[in-house]
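One letter stands for each residue in the lines below.
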Amino acid sequence: QVQLVESGGGLVQAGGSLRLSCAASGRTFSSYAMGWFRQAPGKEREFVAAISWSAGSTYYADSVKGRFTISRDNGKNTVYLQMNSLKPEDTAVYYCAAGRAQWDHQIHTYPYQYDYWGQGTQVTVSS
């Protein structure tokens, strides 16, 4: 079992930055690929970013590429999402997720590939 708790959301003006954190319980955190998804009101949950268990591979949605950075600290059982140059369309509830991976550089980009989810943290970007 892995429990995930997100933090760091809030209200920010367009062009600003936020750093989301996701703290994981369990001793096998380092063997999970991690990801961030978001869901805006009335929309489906969408992929944002993913990172392999070794942090050797990362992948981003086109909409956030160049603005967001995913990273992880396996010693602290934590994954981060640094969000810069925020836009009003980034407003959503952000969720972190953990998915079992079979090899070092494996990453997941679909919700069904993830086994555990956090409760979400709200990010609101004002124009």
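Shown above is the structure to which this text applies.
Small disclaimer: the values here were computed from a predicted structure and weren't measured. (Residues numbered from 1 in each chain as written. Predicted model: local features only at pLDDT ≥ 70, side-chain atom pairs only at ≥ 80, totals over all residues. Heavy atoms only, no water.)

### Considerations on the sheet that holds strand E8 (residues 78–83)
Taken together, the 4 strands give an open sheet; going across it, the order is E1-E3-E8-E7, and neighbouring strands pair in antiparallel fashion. The sheet is open, and its two borders are formed by strand E1 (4–7) and strand E7 (68–73), each paired with just one other strand. Here the strands of the sheet are splayed against their neighbours by 15° on average, with no regard to which way each runs. Inspection of the sheet shows strand E3 (residues 18–24) paired to E8 by 6 bridges, in the antiparallel sense. Note on E8: the bridge partner recorded for Ser21 is Tyr80. (Pairing = 2+ DSSP bridges. Helix = DSSP H or I, 4+ residues; strand = E, 2+ residues; numbered from the N terminus. Axes fitted to C-alpha atoms, helices over the stretch in contact; angles between N-to-C directions.)

### Looking at the nonpolar core
The biggest cluster of nonpolar side chains holds 36 residues, and the ones touching the most others in it are Leu4, Met34, Trp36, Leu81, Met83 and Tyr94. When contributions to this core are tallied by element, the ones reaching two or more residues are E3, strand E4 (32–39), strand E5 (46–51), E7, E8, strand E9 (92–100) and strand E11 (121–126). (Core = buried A, V, L, I, M, F, W, Y, C linked by side-chain atoms within 4.5 Å. Buried < 20%, exposed > 50% of the residue type's maximum accessible area, 1.4 Å probe, protein only.)

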